[in-house]
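If you want the building blocks of each chain, they are given just below.
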Amino acid sequence: MTRPQLYGLGALLIGISLVSQSLFCFRVLPSVSWEARFFGGNALLLAGLLLIALSQLRGGRRPRSS
């Protein structure tokens, strides 16, 4: 892993998405329309996955040590 901060932020977004969906399901939070839950949850989930994928990319070129 080349960027642990991005990975952590991505994991946090995925966790927030899953916890918020379960809180809406068990009616702990005030109910909103299913479209808002669906699109909001999916947006957070996909943003988290994108950040995790970006964290795996290698950064710029590093000089070789001889």
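Residues numbered from 1 in each chain as written. Predicted model: local features only at pLDDT ≥ 70, side-chain atom pairs only at ≥ 80, totals over all residues. Heavy atoms only, no water.

Draft legend 1. Layout of the packing of helix 1 (residues 4-25) against helix 2 (residues 34-56). One can describe the packing of helix 1 onto helix 2 by two numbers: an axis separation of 7 Å at closest approach and a directional angle of 160°. The orientation of helix 1 with respect to helix 2, classified from their angle, is roughly antiparallel. The element helix 1 and its partner helix 2 pack so that their crossing is left-handed. Residues that form the contact of helix 1 with helix 2 fall into these classes: 15 nonpolar, eight polar and one charged. (Axes fitted to C-alpha atoms, helices over the stretch in contact; angles between N-to-C directions. Helix = DSSP H or I, 4+ residues; strand = E, 2+ residues; numbered from the N terminus. Parallel < 35°, antiparallel > 145°, perpendicular 65-115°, else oblique. Left-handed = near helix turned anticlockwise from the far one by under 90°. Nonpolar A, V, L, I, M, F, W, Y, C, P; charged D, E, K, R; others polar.)

Draft legend 2. Structural context of the packing of aromatic side chains. Scanning all chains against the criterion turns up two aromatic pairs. Summarising the aromatic geometry, the rings of Trp34 and Phe38 are spaced 6.4 Å apart at their centres and angled 55° between planes, so their arrangement reads as tilted. Separated by four residues within a single helix, Trp34 and Phe38 lie in helix 2, roughly one turn from each other. Here Phe38 and Phe39 contribute two aromatic rings whose centre-to-centre distance is 5.1 Å and whose plane-to-plane angle is 75°, an arrangement assigned as edge-to-face. Through a chain of ring-to-ring contacts, the aromatic side chains of Trp34, Phe38 and Phe39 assemble into a single cluster. (Phe/Tyr/Trp six-rings, centres within 6.5 Å; stacked < 30°, edge-to-face > 60°.)

Draft legend 3. Structural detail: unusual backbone geometry. The phi angle at Arg27 is positive, at roughly 60°, despite the residue not being glycine. Looking at the element boundaries, Arg27 is found in the loop between helix 1 and helix 2. Accessibility expressed as a relative area gives 68% for Arg27, which makes it exposed. (Buried < 20%, exposed > 50% of the residue type's maximum accessible area, 1.4 Å probe, protein only.)

Draft legend 4. Structural detail: the environment of Leu45. On the secondary structure map, Leu45 appears in helix 2. For Leu45, a relative accessible area of 27% corresponds to the partly exposed category. Residues in contact with Leu45, not counting those within four places in the same chain, are Ile14 and Ser17. (Contact = heavy atoms within 4.5 Å.)

Draft legend 5. Region of the structure containing helix 1. Under the 1.5 Å per step criterion, the end-to-end length of helix 1 is 32 Å for 22 residues, consistent within 8% with the ideal 32 Å. When helix 1 is considered as a whole, its buried residues turn out to be Gly10, Leu13, Ile14 and Ser17. The buried residues of helix 1 occupy an angular sector of 90° when the element is viewed end-on, so they sit on one face. At its buried positions, helix 1 is contacted by helix 2. Looking at the residues trailing helix 1, positive phi occurs at Arg27, about 60°. (Expected span 1.5 Å × (residues − 1). Arc of directions from axis to C-beta.)

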